[in-house]
Amino acid sequence: MTSPYLRRRRLGDELRKLREEHGLTTDELARLIYQSRSKISKMENAQIRPDLAEIVSILNVLEVTGRRYDKIHELAHAAARKGWWDRYGNAMGPRQRLYADLESGAASIHSYNQTAFPAVLQIPEFIDAMVTLDRCQGSLDYRPERMADARTRRQQHLLGPDGPTYEAVLDECMIHRLAVPPAVKAAQLRHLIKIVSTDERITMRVLPSDVPIPGGFLPKASFFLYTFPDPSDPPMGVVDTVTADVVLAQEDELSRYTGLYDRLRQAALSVDDTLAFLEGLANRPAYQTESDA
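Analysis parameters
- Residues numbered from 1 in each chain as written.
- Predicted model: local features only at pLDDT ≥ 70, side-chain atom pairs only at ≥ 80, totals over all residues.
- Heavy atoms only, no water.
- Core = buried A, V, L, I, M, F, W, Y, C linked by side-chain atoms within 4.5 Å.
- Buried < 20%, exposed > 50% of the residue type's maximum accessible area, 1.4 Å probe, protein only.
- Helix = DSSP H or I, 4+ residues; strand = E, 2+ residues; numbered from the N terminus.
- Pairing = 2+ DSSP bridges.
- Phe/Tyr/Trp six-rings, centres within 6.5 Å; stacked < 30°, edge-to-face > 60°.
- Expected span 1.5 Å × (residues − 1).
- Contact = heavy atoms within 4.5 Å.

(A) Layout of the nonpolar core. Counting residues in each nonpolar core, the largest one holds 43 residues, and the members touching the most others are Leu-121 and Tyr-226. Tallying contributions element by element places helix H10 (residues 182-198) first for this core, with seven residues. Within the second largest apolar cluster, 18 residues are counted, among which are Met-43, Leu-59, Val-64 and Ala-79.

What follows is the structure, given as structure tokens:
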């Protein structure tokens, strides 16, 4: 399915253009359709699922007809669609819902992972260990069992026949510093090795901690870049910060992050060298359980 969030972004852009063409402020348009200013603002900024009746009211009051009416009406229908993640509500966490939404319609995903292994490729034991770490920082805004179930659904989509291509750059420092049990980390590493070795759509590269990255500043956070099969859908990005996910939609923003990703990729190990590196880590004595010995 096409990402409903992506369609909400496009719908919001169309509504904003339409309002501005008629010389209206958000307050003025809100009064015309008997809604609040905040409602109009949220629709234009893709912060809420659109109400089709309200969209029709806007089109009628602004006397939109013909192909433009049909285009906006079709966008509104797509933007209002619900995905499997909506059945979880906020139980899976609002941040994960955004990622699931974008992944649902993506043709390709590129990620730089500075703080954890790719969420969409985590094994249950690793997810449990991450929840334990999260609890150390305060109360959770999700239900762990529902979050874990949703993360499994995301992995099923990624590895399914209609899933996107996925390329990840893993920061070596993250692999060593993440405080999960050694045996769990080893199992997670072996899971990544298996997936990359058997699925040609999944690519992984480790960025060594001692390799210079020329051409500019170092990355300040993990980030994700998405492309979509419809040429009219522009690429998008998400930056993972401590408290929120920052959505990148402007061309200049995306260009900077795409350039940064290219520099990280060039400095990283090859796929074959990455697999050998991860295998070496997984087989370290410190990562073995008593049953392995």
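Read on for the rest.
(B) Local environment of the pairing of strand S5 (residues 236-240). Among the five residues in S5, four count as buried, and that is most of the element. Pairing of strand S4 (residues 222-227) with S5, which is carried by five bridges, proceeds in the antiparallel orientation. Looking across to S5, one finds that Phe-224 is bridged to Val-238. When S5 meets strand S6 (residues 245-248), the two strands line up antiparallel, connected through four bridges. Along S6, the bridge assignment pairs Val-239 with Val-246.

(C) Examining the packing of aromatic side chains more closely. Enumeration according to the criterion identifies seven aromatic pairs in this entry. With centroids separated by 6.5 Å and ring planes inclined at 80°, the aromatic side chains of Phe-223 and Tyr-261 adopt a geometry described as edge-to-face. Of this pair, Phe-223 sits in strand S4 while Tyr-261 is found in helix H11 (residues 251-267), placing the two residues 38 residues apart along the sequence. The class for Phe-223 is buried, based on a relative accessible area of 0%. Accessibility expressed as a relative area gives 2% for Tyr-261, which makes it buried.

(D) Geometry of helix H5 (residues 66-80). Taking 1.5 Å of rise per residue, the 15 residues of H5 would be expected to cover 21 Å, and the 21 Å separating its terminal C-alpha atoms lies within 8% of that figure. Among the residues of H5, those classed as buried are Ile-72, Leu-75, Ala-76, Ala-78, Ala-79 and Ala-80. On its buried face, H5 sits against helix H1 (4-21) and helix H4 (52-61).

(E) Spatial organisation of the environment of Pro-181. Tracing the chain through its elements places Pro-181 in the loop between helix H9 (172-177) and H10. With 52 residues separating them along the chain, Pro-181 and Ala-129 place their C-alpha atoms 7.5 Å apart.

(F) Main features of unusual backbone geometry. The backbone of Tyr-34 sits at a positive phi, close to 60°, despite the residue not being glycine. Non-glycine residue Ala-46 carries a positive phi angle of around 60°. On the basis of relative accessibility, which here comes to 6%, the residue Ala-46 falls in the buried class.

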